[in-house]
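# Report on the structure
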Amino acid sequence: MILIPTVLSKKMSDAERTSLMENLAFHSPLSLRDCCEGLRRTLDLPEFFFDCENETEWGLVEVDGLEYNVSRPYKKGTLQSWNNSTPPDCNFGMILIFYRDHDHAGDHEWAEEHVVLPVSQAIADALDTPVHYHQTWFGVGNTVNRNQTVNPR
């Protein structure tokens with residue numbers, strides 16, 4: 001008989017932990033690893049974890065209840081097929097995932113002002129490319145499309 005520890009059986013999945021997701025997109029000729037390394041230095045983040053599957057490769061890191069999830073699909077147009085609010089020229093998608101244990105979980109206004117726009121500006125400046133803030137996910141069936149572009153200074 002195999003016993004499953006209570007801690008493991010009660011652990012919430014990432015989907016259950018998710019409070020809010022903010023979607024950004026941009027274009028860069030960099031590889032995923034080079035892009036994430038630049039973002040790590042620019043945003044003072046820990047090392048990214050990398051993985052891949054048949055349509056995309058991604059890097060992610062979680063800090064204090066906020067996940068930075070960067071995806072670079074292999075084929076042009078994939079991001080747009082996944083989410084039609086993604087601008088056509090973008091080959092990188094970044095989702096800022098606020099988990100329920102984040103100090104400002106569910107507070108979109110705080111997230112936009114203190115995380116989304118500053119992170120967008122830092123990426124735009126570091127990569128010298130416009131960053132598109134194109135969607136907010138509040139829960140299943142509850143998304144709001146955005147149409148905001150942050151340009152490099």
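Anyway, here's the lowdown on the structure attached to this text. Given the structure is predicted, the values throughout are model-derived calculations rather than measurements.

## A look at the sheet that holds strand β5 (residues 92-99)
In spatial order, the strands read β2-β3-β4-β5-β1-β6-β7; together these 7 strands make up an open sheet with antiparallel pairing. Of all strands in the sheet, those with a lone pairing partner are β2 (49-52) and β7 (142-150), marking the two edges. Here the average twist between neighbouring strands, direction ignored, is 20 degrees. Both strand β6 (residues 131-139) and β7 contribute to a ladder of 7 bridges, which runs antiparallel. Along β7, the bridge assignment pairs Gln135 with Asn145. Helix-sheet contacts for helix α3 (residues 32-43) involve β1 (18-26), β2, β3 (56-63), β4 (66-73) and β5, and the interaxial angle to β4 is about 155 degrees.

## Quick word on the packing of aromatic side chains
The tally for this structure, following the rule as stated, stands at 2 aromatic pairs. Residues Phe26 and Phe92 carry aromatic rings whose centres are separated by 5.2 Å and whose planes lie at 5 degrees to one another, so their mutual orientation is stacked. Highlighted residues: Phe26 in strand β1 and Phe92 in strand β5, separated in sequence by 66 residues. Exposure class is identical for Phe26 and Phe92. Each is buried. Directly above the ring of Tyr99 sits Arg17, whose terminal nitrogen or CZ lies 3.8 Å from the centroid.

Procedures and definitions
Along each chain, the written sequence defines residue order, and numbers are assigned to residues from 1. Given that the model is predicted, a residue must reach a pLDDT of at least 70 before its local features are reported, and side-chain atom pairs must reach 80 or more before they are shown or counted; all residues, however, enter totals for whole chains, interfaces and linings. Side-chain descriptors were evaluated using all non-hydrogen atoms of the structure, hydrogens and water having been removed beforehand. In this description, strands pair whenever DSSP reports at least two bridges between them. Strands are runs of DSSP state E lasting at least 2 residues, helices are runs of H or I lasting at least 4, and numbering of each runs from the N terminus. Axes, fitted as lines to C-alpha atoms, cover a helix only where it is in contact. Angles between the N-to-C directions of the axes lie from 0 to 180 degrees. Whether two residues are in contact is decided by their heavy atoms, any of which lying within 4.5 Å being enough. The rule is short: rings of Phe, Tyr and Trp, with Trp giving its six-membered ring, pair when the centres are within 6.5 Å, and they are stacked under 30 degrees, edge-to-face over 60, tilted in between. Residue exposure (1.4 Å probe, protein chains only): buried if accessible area is under 20% of the type maximum, exposed if over 50%, otherwise partly exposed. Counting as a charge over the ring demands two things of the Lys NZ or Arg CZ atom: a distance within 6 Å of the ring centre and an angle within 35 degrees of the ring normal.

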